[in-house]
Amino acid sequence: MSHSPTSILVTGGAGFIGSNFLLRVVPHYPDVAFVNLDLLTYAGNLLNLKAIEDAENYTFVRGDIADGGLVNRLYDERRFSTVVHFAAESHVDRSIMDPLAFVRTNVVGTATLLDAARKTWMNDGSFGDVRFYHVSTDEVFGELDDTGEFSESTPYDPHSPYSASKAGSDHLVRAYHDTYGLPIVISNCSNNYGPFQFPEKLVPLMIVKAAAGEPLPVYGKGANVRDWLHVEDHVDAIDLILRNGRDGGTYCVGGRAEMKNLAVVETICDLVDEALEREVGTARKQIAFVADRPGHDFRYAIDPSKLESELGWRQAHTFEQGMRETVQWYLSNREWLDAVMDGSYREYLAEQYG
Ligand code: NAD
Ligand code: DAU
């Protein structure tokens with residue numbers, strides 16, 4: 001059953017994946033109106049969206065997804081056909097320091113968006129061609145040992161406040177489908193890398209520190225395993241699932257690119273050395289093993305075969321090529337990186353939105 005969006009509320013569109021999504025879809029679908037609702041926390045960066053900020057089919061609204069008054073007003077005024085919900089507190093380490101911020105945004109915020117959708121979209125007990133797309137994570141499934149992969153039927157078993165709050169939001173989305181018939185889809189994706197990621201996450205952090213000659217903090221022994229997917233392949237999957245996914249369906253998205261953290265860091269080190277024309281091996285000497293993350297999930301791996309067989313999705317980037325391009329992107333977008341590192345990206349948003 002396909003869905004044809006006419007007016008889309010994108011939440012969290014100034015973050016890493018949300019901005020990559022908007023940069024792709026706003027020019028690609030000129031007849032669709034996009035509203036980007038983003039609170040602009042530390043993770044929201046309007047510099048990411050410069051290429052589309054003046055597009056006629058794009059509007060930015062600064063606001064909180066947990067603000068019921070604002071959310072209900074936007075649904076009433078804009079008559080969205082579609083919600084693509086990225087907004088979240090997304091960093092596991094921050095969730096260990098401040099779990100309630102994660103419960104508020106990820107659980108209460110999602111519930112606020114769902115309830116506004118239910119109220120606005122239900123007409124005489126039924127829904128038309130509307131859809132609530134919830135962007136979620138593989139972390140809701142917990143951790144794996146050396147074997148096996150997560151799939152759509154894996155039971156939920158989250159361990160961190162981040163993954164528990166995402167699991168809570170997934171359950172709410174499913175509950176609104178099962179209870180009210182709200183048309184929904186959910187995708188659960190593995191670790192993304194690529195342009196515009198805030199340099200607190202492993203990949204951009206290591207690129208920045210390797211280039212600067214600083215210590216590279218690897219948690220524990222670097223033996224934990226993650227599956228890596230280029231953000232543009234995730235964005236492609238989201239667009240495909242949004243339009244062609246089954247109502248009530250859940251889809252696992254992953255890159256079939258499992259790696260130990262230490263191997264990821266070593267790859268980045270060598271690519272940075274190459275790009276900066278230094279002797280290869282220089283950056284590896286900066287690797288520093290530090291205390292492990294509490295409750296650190298050992299291994300994630302995703303089986304994306306449902307998405308491949310049902311919707312024909314294929315990733316376009318190999319890990320090797322995608323990571324090479326990503327290292328190049330961070331090293332050649334100095335203006336963006338400097339603004340993030342010195343905090344002046346906040347001034348840009350203050351100039352634009354007070
Ligand atoms: P991010 O942290 O880069 O961006 C989050 C965005 O949400 C920011 O722009 C921030 O300002 C906004 N935001 C935060 N709280 C808000 C609130 N209360 N109201 C409105 N906006 C708010 O996150 P990301 O890495 O782009 O992740 C986007 C989504 O994808 C998240 O739901 C995350 O759980 C999921 N996800 C991420 C990955 C990954 O590897 N990054 C993988 C799978 C799934
Ligand atoms: O799996 C999907 C998830 O991937 C998303 O849902 C999250 O939003 C996203 O942040 C990411 O979570 P991780 O915790 O896997 O990503 P992070 O980049 O924080 O860490 C990746 C791995 O690297 C993890 O095993 C911890 C380790 N690490 C991380 C940092 C920041 C280090 O060894 N050193 C570091 O400094």
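For the structure, check the block above.
Residues numbered from 1 in each chain as written. Chains lettered and ligands numbered in written order. Predicted model: local features only at pLDDT ≥ 70, side-chain atom pairs only at ≥ 80, totals over all residues. Heavy atoms only, no water.

Caption draft 1: Just the overall build of the protein chain, in detail. Looking only at helices and strands, the protein chain has 12 helices and 12 strands in total. For a compact globule of 354 residues, the expected C-alpha radius of gyration is about 20 Å, and the protein chain comes in at 20 Å, within 12% of that figure. Taken along its principal axes, the extent of the C-alpha atoms in the protein chain is 70 × 50 × 40 Å. Counting the 354 residues in the protein chain, one finds 56% classified as buried. Taking the intrachain contacts of the protein chain between residues at least 6 apart in sequence as the baseline, contacts between residues at least 24 apart amount to 82%. Placing the 31 positive and 52 negative side-chain charges of the protein chain at their respective mean positions leaves the two points 2 Å apart. (Helix = DSSP H or I, 4+ residues; strand = E, 2+ residues; numbered from the N terminus. Rg over C-alpha atoms; globule rule 2.2 N^0.38 Å. Buried < 20%, exposed > 50% of the residue type's maximum accessible area, 1.4 Å probe, protein only. Contact = heavy atoms within 4.5 Å. Lys, Arg positive; Asp, Glu negative; His and termini not counted. Charge placed at Lys NZ, Arg CZ, Asp CG, Glu CD.)

Caption draft 2: Local environment of the packing of helix α1 (residues 16-28) against helix α7 (residues 231-244). Packing of α1 against α7 brings their axes to within 9 Å, and their N-to-C directions diverge by 65°. When the axes of α1 and α7 are compared, the pair comes out roughly perpendicular. Crossing angle aside, the handedness with which α1 passes α7 is right-handed. The residues of α7 that touch α1, namely those facing F16, I17, N20, F21, R24 and V25, are V231, H234, V235, D236, I238 and D239. A breakdown of the residues in the contact of α1 with α7 according to their chemical character gives seven nonpolar, two polar and three charged. (Axes fitted to C-alpha atoms, helices over the stretch in contact; angles between N-to-C directions. Parallel < 35°, antiparallel > 145°, perpendicular 65-115°, else oblique. Left-handed = near helix turned anticlockwise from the far one by under 90°. Nonpolar A, V, L, I, M, F, W, Y, C, P; charged D, E, K, R; others polar.)

Caption draft 3: Representation of the pairing of strand β1 (residues 7-11) in the model. By the criterion of burial, β1 is predominantly enclosed, with five of the five residues buried. Pairing of β1 with strand β2 (residues 33-38), which is carried by five bridges, proceeds in the parallel orientation. Its bridge partner lying in β2, L9 is registered against V35. Handedness of the crossover joining β1 and β2 through α1 is recorded here as right-handed. Both β1 and strand β4 (residues 82-85) contribute to a ladder of four bridges, which runs parallel. Paired with L9 across the two strands is V83, which belongs to β4. (Pairing = 2+ DSSP bridges. Right-handed = clockwise from strand over helix to strand, strands pointing away.)

Caption draft 4: Here's a closer look at the pattern of salt bridges. Under the counting rule described, the total for this entry stands at 19 salt bridges. Among the ionic pairs, D236 bridges to R24, the shortest N-O distance being 2.3 Å. Residue D236 is located in helix α7, and its partner R24 is located in helix α1; the two are separated by 212 residues in the primary sequence. Judged by its relative accessible area of 27%, D236 falls in the partly exposed class. Salt-bridge contacts for R246 lead to E310; the nearest nitrogen and oxygen are separated by 3.5 Å. Remark: E310 occurs in helix α9 (residues 305-311) and R246 occurs in the loop between α7 and β10 (250-253); sequence separation between them is 64 residues. Taking the relative accessible area as the measure of exposure, E310 reaches 29% and is therefore partly exposed. (Salt bridge = Lys/Arg side-chain N within 4 Å of Asp/Glu carboxyl O.)

Caption draft 5: Broad picture of the packing of aromatic side chains. Following the criterion strictly, the structure yields 16 aromatic pairs and no others. Taking the centre distance of 5.3 Å and the plane angle of 50° together, the rings of F21 and F86 count as tilted. Taken as a pair, F21 in helix α1 and F86 in the loop between β4 and α3 (92-97) lie far apart in primary sequence, 65 residues in all. Comparing F21 with F86, the two get one shared label, buried. Ring centres of Y75 and F80 lie 5.6 Å apart, and the angle between their planes is 85°; this geometry places the pair in the edge-to-face category. (Phe/Tyr/Trp six-rings, centres within 6.5 Å; stacked < 30°, edge-to-face > 60°.)

Caption draft 6: Just the sheet that holds strand β9 (residues 225-230), in detail. Taken in spatial order, the three strands line up as β7-β9-β11 in an open sheet, and their pairing is mixed. Taken across any chain shown, the strands that pair with only one partner, and hence form the sheet edges, are β7 (191-193) and β11 (258-260). Taking the axes of each pair of neighbouring strands and ignoring which way they run, one obtains an average angle of 50° across the sheet. The sheet strands contacting helix α10 (residues 319-332) are β7, β9 and β11, and the helix crosses β7 at an angle near 50°.

Caption draft 7: Summary view of the pairing of strand β8 (residues 216-219). Residues L216 and V218 point to one face of β8 and are all buried, whereas P217 and Y219, pointing to the other face, are not buried. With four bridges connecting them, β8 and strand β12 (residues 287-290) associate as parallel partners. By the bridge assignment for β12, Y219 is matched with V290.

Caption draft 8: Representation of the site of ligand 2. Not every one of the 22 residues close to ligand 2 is listed here, only the nearest: T137, D138, Y162, R293 and H296. Take E139: an N or O atom from its side chain is 2.8 Å from an oxygen atom of ligand 2. A total of 680 Å² of accessible area belongs to ligand 2 in isolation, and the protein chains cover 94% of it. In terms of residue count, the dominant contributor to the shell around ligand 2 is β8 (three residues). Split by residue class, the shell around ligand 2 holds nine nonpolar, seven polar and six charged. (Near = heavy atom within 4 Å. Polar contact = N/O pair within 3.5 Å; in protein donor to acceptor, adjacent residues only side chain to side chain. Areas by Shrake-Rupley, 256 points an atom, 1.4 Å probe, with all protein chains shown as cover.)

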